[in-house]
Amino acid sequence: MMQNLLQTPIEYLKGVGPNRAELLKKELNIATYRDLVNFFPNRYIDKTGFYKISQLQRNSSEVQVVGKIVHIKMVEQKRGKRLVADFVDDTGRMELVWFRGHKWIRENLKLNTAYVIFGKTNWFNGMFSMPHPEMELVADYKKNLRTAMQPIYPSTEMLAKKGITNRVIMKLMQELLRQTGLKFIESLNNDLITELKLIPKSEALFNIHFPKSQELLARAQFRLKFEELFFIQLQLLRRNMLHKQKIKGFNFDKIGANFNNFYQEHLPFDLTEAQKRVIKEIRSDMGSGAQMNRLLQGDVGSGKTIVALMSMFIALDNSFQACLMAPTEILSVQHYNGLKELCQGLGVNIRLLTGSTKNAERKDIHEQLENAEIDILIGTHALLEDKVKFKNLGLAIIDEQHRFGVAQRAKLWKKNEMPPHVLVMTATPIPRTLAMSLYGDLDISVIDELPPGRKPVKTVHRFDSNRLKVFRFIREEIQKGRQVYIVYPLIQESEKMDYKDLMDGYESIAREFPDFQISIVHGQMKPADKDYEMDRFVRAETQIMVATTVIEVGVNVPNASVMIIESAERFGLSQLHQLRGRVGRGADQSYCILMTSHKLSSDSKTRLETMTSTNDGFEIAEVDLKLRGPGDLMGTQQSGVLNLKIADIVKDNSILKSARFYASKILKEDPNLSLEKNLMIKNAYSRLVKNKTIWNYIS
Ligand code: ADP
Ligand code: MG
């Protein structure tokens, strides 16, 4: 009964009708009764108190006053007309002011009749005035249902223009709650309700719209936030579970010659404990019989590559092929060279496929892939092309996940009848809370330890006016045999200007350092030229690399010990951190110098302070999350994931953790939610899945 009622198109609610229904749908995505009841206020105004005019303070925000209009006049000024009413109570006089809608207001306002007015006051010309007050006759005010706090709903310009004011939405909500008789079906079980002292669903929904007290509002918010996060976690965890049951994967139970031989004879260093742990996790995943779907997080320089290689050896040892996909040509080439060197003398056939691979070679690669002569294929997006067919792809590794979408991940799967194991590697640390929500369906491994002997990069902030000192420092470092990066921003919208900045910078550096060799790399160069320049720097033929952010990801030149970031205020935190990760890879003390002008926003200051105070990628990611909010942080393609109705992944961190804890506990005991006591949860869950209320955004 209740279910059907909630499905009712909003058009049929008293006070809506077809026109408003269309607006509500278009502007607020409200199509049914259910949508409306789940449309929550974003703030509340406490209207329990009344002010006397003599009590008004110059800095009081919104106030409510009872009084009468004794006079109305039109005031004409150069800036336009305004309608001014004298409003009095028994303690004083103030003005009500309208800049628009004069005719209607004049015709409808009653003189010498008691009104309740509400709004913000200004102190102007020795008098308080209230522009565009909300007004209600005291007679009506007394008749209407009151709650302690008035909800303020999100609105849009269009809604305001068409007269769907906050008051209208409130009225609709009251009507809806009246019709439903507040009999909303409970969606959580008794255990949870008792354990977390939650208020019942109906009470929560009533109090979120019309809070009876601050306390009930807080409890309503907690209950609804918990519920929202709980069902998302339930979905993610269940998906992960089903995935493991249903999606069979190759069972790589052998550890053979490639892995062992490499480990015993060719490993150039001892693995860190974190690397060992992660390799174990991957090994056990690939030997479980289910498809691996794992996210490997590790800060720049934490040594993900060797983990990737050893995972690929496991595939090879079980007679399967492996591939490694990187987002750029430079990175692919670097991986290719690095891995080839590591595999020397192992008899592993590694090939490289990118956009610039010549046709003849491409054909050769296609052939060798299909007859399994190639063991490991490394490359860019080129690997995703339909023509690229493996004989038996057992493991696909994707480096630097944030450049690839979920859809591309899925494409790799389809290369086989049975999906290969998938390992996604990212150097962008994702705050735990966010990872839980975004990648709750992936298993997560973290390398939280850097290889030994690394000196933390020293980071400083310098103003452009100190450039000469910075140049002197560059010279000293180069004279010690080191190399230097100088990076310029590249932002799509102002590509031309950035290009000019880069070129100007290049010229001034060339003038400053006529005795040094300088490489330059930017996005408008041909790949071959880029590679040539990169290569000169890698081989230490050049001492300075002037570049845009193309070098951001993955590039490895251990001898480079200085990273200068120009216009650092224009970079995001994660980018700054990535760039800094390009140095500090060798044994020498490394430096990162953040250059800015003196004009800095407070966010920029926070970013610079964060960079100079910590090297910990996870800490930086947390600050970034707070500064930018989750949607922005993950990029538009995934921001929808975080389009929550009431909870906030950052602020409600602890609720999220608790939601995940309980969701996991319930699923462990009752994976299919078939126990009697979980019936409410099961019903709510299927309803949500069916209506796609929450999940439509989860990939
Ligand atoms: P990232 O995680 O950023 O991809 P890399 O895999 O490129 O890091 O590793 C960075 C550098 O650290 C490489 O030069 C690599 O050879 C070296 N390295 C990796 N693991 C270790 C280790 N356990 N001990 C010493 N050096 C290591
Ligand atoms: Mg890497």
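Calculation criteria
Every chain's residues receive numbers from 1 upward, in the order its sequence appears when written. The naming scheme follows written order: chains are lettered A onward, ligands numbered 1 onward. The predicted nature of this model means local features are confined to residues of pLDDT at least 70 and side-chain atom pairs, given and counted, to a pLDDT of 80 or more, with totals for whole chains, interfaces and linings taken over all residues. Each side-chain value is derived from all of the structure's non-hydrogen atoms; neither hydrogens nor water enter the calculation. UniProt positions are given in the numbering used here, feature names are shortened, and annotations may be inferred rather than shown by experiment. The definitions used throughout rest on a 1 Å grid laid over the protein atoms alone, on which a cavity is an enclosed set of points accommodating a 1.4 Å probe that cannot get out and a pocket is an open set flanked by protein within 12 Å on both sides along at least five of seven lines; lining residues are those having an atom within 4 Å of a point. Grid points are joined across faces, edges and corners, and a volume is the space filled by probe spheres set on the points. We count a stretch as a helix when DSSP gives it H or I for four or more residues in a row; a strand needs E for two or more, and each element gets its number in order from the N terminus. In this classification, Asp, Glu, Lys and Arg are treated as charged, Ala, Val, Leu, Ile, Met, Phe, Trp, Tyr, Cys and Pro as nonpolar, and every other residue, Gly included, as polar. By this rule, a helix spans an expected 1.5 Å times one less than how many residues it contains. Residue exposure (1.4 Å probe, protein chains only): buried if accessible area is under 20% of the type maximum, exposed if over 50%, otherwise partly exposed. As used here, the arc belongs to the directions running from the helix axis to the C-beta atoms. Whether two residues touch is decided by their heavy atoms; if any such pair falls within 4.5 Å, the residues are in contact. Only buried residues count toward a nonpolar core. Its members are Ala, Val, Leu, Ile, Met, Phe, Trp, Tyr and Cys residues joined through side-chain atoms within 4.5 Å. One requirement defines pairing of two strands: DSSP has to find at least two bridges between them. Angles here are taken between N-to-C directions and fall from 0 to 180 degrees, while the axes themselves are lines fitted to C-alpha atoms, restricted in helices to the stretch in contact. Two aromatic rings from Phe, Tyr or Trp, using only the six-membered ring of Trp, form a pair when their centres are within 6.5 Å; if the ring planes differ by under 30 degrees the pair is stacked, by over 60 it is edge-to-face, and anything between is tilted. Think of it this way: one heavy atom of a residue within 4 Å of a molecule or strand is enough to make that residue near it. A 3.5 Å cut-off defines polar contacts: any pair of N or O atoms within that distance qualifies, except that in protein one atom must be a possible hydrogen donor and the other a possible acceptor, and neighbouring residues in sequence count only when both atoms are side-chain atoms. Between Lys or Arg on one side and Asp or Glu on the other, a salt bridge is scored when a side-chain nitrogen of the former is within 4 Å of a carboxyl oxygen of the latter. With its strands directed away from the observer, a crossover is right-handed exactly when the path from the first strand over the helix to the second travels clockwise.

- By the naming in an unreviewed UniProt entry, the protein chain is ATP-dependent DNA helicase RecG, taken from Christiangramia crocea.
- Check the Sequence similarities (unreviewed entry) section of the UniProt entry for the protein chain; it says "Belongs to the helicase family. RecG subfamily."

## What to know about the layout of surface pockets
Item 1. When its volume is computed, the largest pocket comes out at roughly 1,700 Å³.
Item 2. Around the largest pocket sit 50 residues that line it, and Glu134, Met135, Thr165, Arg167 and Val168 are the ones nearest its centre.
Item 3. Sorting the residues of the lining of the largest pocket by element identifies helix 4 (102–108), strand 5 (114–120), strand 8 (134–137), helix 5 (138–143), strand 9 (149–152) and helix 7 (166–180) as the ones contributing at least two each.
Item 4. Top contributing element to the lining of the largest pocket by residue count: helix 7, with 10 residues.
Item 5. Its residues assigned to classes, the lining of the largest pocket comprises 24 nonpolar, 13 polar and 13 charged.

## A short note on helix 20 (residues 527–538)
Item 1. With 12 residues, helix 20 extends 16 Å from end C-alpha to end C-alpha; this agrees with the ideal 16 Å at 1.5 Å per step.
Item 2. Burial in helix 20 covers these residues: Lys530, Glu533, Met534, Arg536 and Phe537. The buried side chains of helix 20 occupy one side of the element, clustering within an arc of 160° when seen end-on. The exposed set on the far side of helix 20, more than 90 degrees from its buried face, consists of Ala528 and Tyr532.
Item 3. Close packing links the buried residues of helix 20 with helix 14 (329–342), strand 18 (483–487), strand 19 (518–521), strand 20 (544–547) and strand 21 (560–565).
Item 4. Phi for Ala540, located one or two positions after helix 20, is positive at around 65°.

## With respect to the nonpolar core
Where a protein is soluble and globular, its nonpolar side chains tend to be buried together.
Item 1. The biggest cluster of nonpolar side chains holds 40 residues, and the ones touching the most others in it are Met312, Phe313 and Leu395.
Item 2. The biggest single contributor to this core is helix 13 (residues 304–317), with 10 residues.
Item 3. Apart from the residues within four sequence positions on either side, Met312 is in contact with Ala322, Cys323, Leu324, Leu339, Ile376, Leu395 and Ile397.

## Section: the sheet that holds strand 12 (residues 350–353)
Item 1. With respect to topology, seven strands assemble into an open sheet ordered 12-13-11-14-15-10-16, the strand pairing being parallel. Sheet topology places strand 12 and strand 16 (443–447) at the edges, where each strand pairs with a single neighbour. Ignoring strand direction, the axes of neighbouring strands in this sheet form an average angle of 20°.
Item 2. Sheet topology places strand 12 next to strand 13 (residues 376–379); four bridges connect them, and they run parallel.

## Some remarks on the packing of aromatic side chains
Item 1. Counting across every chain of the model gives 18 aromatic pairs.
Item 2. Here Phe39 and Tyr153 contribute two aromatic rings whose centre-to-centre distance is 5.6 Å and whose plane-to-plane angle is 15°, an arrangement assigned as stacked. Here Tyr153 lies in the loop between strand 9 and helix 6 (157–161) and Phe39 lies in the loop between helix 3 (33–37) and strand 1 (43–46), a separation of 114 residues in the sequence.
Item 3. Ring pairing ties together the aromatic residues Phe222, Phe226, Phe230, Phe231, Phe661 and Tyr662, which thus form one cluster.

## Describing empty space enclosed by the protein
Item 1. Here the structure, examined in full by the defined rule, presents four cavities of 30 Å³ or more.
Item 2. Empty space within the second largest cavity amounts to approximately 40 Å³.
Item 3. Around the second largest cavity, the lining residues are Leu28, Tyr153, Pro154, Ser155, Leu159, Ile164, Thr165, Asn166 and Ile169.
Item 4. Grouping the amino acids of the lining of the second largest cavity by side-chain chemistry returns six nonpolar, three polar and no charged.

## Observations regarding helix 12 (residues 273–286)
Residues separated by three or four positions in an α-helix point in the same direction, a consequence of the helix having 3.6 residues per turn.
Item 1. Over its 14 residues, helix 12 runs 20 Å from end to end, which matches the ideal 20 Å to within 8%, given 1.5 Å per residue.
Item 2. Of the positions making up helix 12, those classed as buried are Ala274, Gln275, Val278, Ile279, Ile282, Asp285 and Met286. Summarising the axial view, the buried residues of helix 12 lie within an arc of 130°, below the 170-degree limit, and thus occupy one face. In helix 12, those exposed residues whose orientation departs by more than 90 degrees from the buried face are Glu273 and Lys280.
Item 3. In this structure, the buried residues of helix 12 make contact with helix 11 (257–266), strand 10 (293–298), helix 13, strand 14 (393–399), strand 15 (421–426) and strand 16.

## Points about the sheet that holds strand 18
Item 1. Taken in spatial order, the six strands line up as 17-22-21-18-20-19 in an open sheet, and their pairing is parallel. Every interior strand has two partners, whereas the edge strands, strand 17 (458–463) and strand 19, have only one. Adjacent strand axes in the sheet meet at a mean angle of 20° when their direction is disregarded.
Item 2. With five bridges joining them, strand 18 and strand 21 adopt parallel strand pairing. Note that in strand 21 the partner of Val484 across the bridge is Val562.
Item 3. Packed on one face of the sheet, helix 18 (residues 467–479) meets strand 17, strand 18, strand 20, strand 21 and strand 22 (591–596) and runs near 160° to strand 22.

## Digging into the site of ligand 1
Item 1. Around ligand 1 sit 16 residues in total, of which Asp270, Gly301, Lys304, Thr305 and Arg454 are the nearest.
Item 2. A distance of 2.7 Å is found between an oxygen atom of ligand 1 and a side-chain nitrogen or oxygen belonging to Lys304.
Item 3. Looking at the shell around ligand 1 residue by residue, the class counts come to four nonpolar, seven polar and five charged.

## Focus on the pattern of salt bridges
Item 1. Taken as a whole and assessed by the stated rule, the structure comprises 28 salt bridges.
Item 2. A salt bridge links Arg482 to Asp588; its shortest N-O distance comes to 3.0 Å. In this pair, Arg482 is assigned in the loop between helix 18 and strand 18 and Asp588 in the loop between helix 21 (573–580) and strand 22, connecting sequence segments 106 residues apart.
Item 3. On the basis of relative accessible area, Arg482 is assigned to the buried category, the value being 16%.
Item 4. Through salt bridges with shared partners, a single network forms among Glu186, Lys201, Arg223 and Glu227.

## Overview of the environment of Gly453
Item 1. By secondary structure assignment, the location of Gly453 is in the loop between strand 16 and strand 17.
Item 2. For Gly453, a relative accessible area of 67% puts it in the exposed group.
Item 3. Note: C-alpha distance between Gly453 and Ala587 (134 residues apart in sequence) is 7.1 Å.

## Observations regarding the pairing of strand 9
Item 1. Side-chain alternation along strand 9 places Met149 and Pro151 on one buried face and Gln150 and Ile152 on a second face that is also buried.
Item 2. Pairing geometry for strand 1 and strand 9, over four bridges, is antiparallel. Across the sheet, residue Arg43 finds its bridge partner in strand 9, namely Ile152.

## Describing the packing of helix 11 against helix 13
Item 1. With their axes 7 Å apart at the nearest point, helix 11 and helix 13 run at an angle of 145° to one another. Residues Ala257, Asn258, Phe259, Phe262 and Tyr263 of helix 11 lie in contact with helix 13, whose contacting residues are Ile306, Leu309, Met310, Phe313, Ile314, Leu316 and Asp317.
Item 2. Split by residue class, the contact of helix 11 with helix 13 holds 10 nonpolar, one polar and one charged.

## Here's the deal with the pairing of strand 20
Item 1. Because side chains alternate across strand 20, one face comprises the buried residues Ile544 and Val546, and the other comprises Met545 and Ala547, equally buried.
Item 2. Bridge analysis of strand 18 against strand 20 gives four bridges, and the strand direction is parallel. Bridging from a neighbouring strand, Val484 pairs with Ile544 of strand 20.
Item 3. Sheet analysis places strand 19 next to strand 20, joined by four bridges and oriented parallel. For Ser519, the partnering residue across the bridge sits in strand 20 and is Met545.
Item 4. Crossover handedness for the path strand 19 to helix 20 to strand 20: right-handed.

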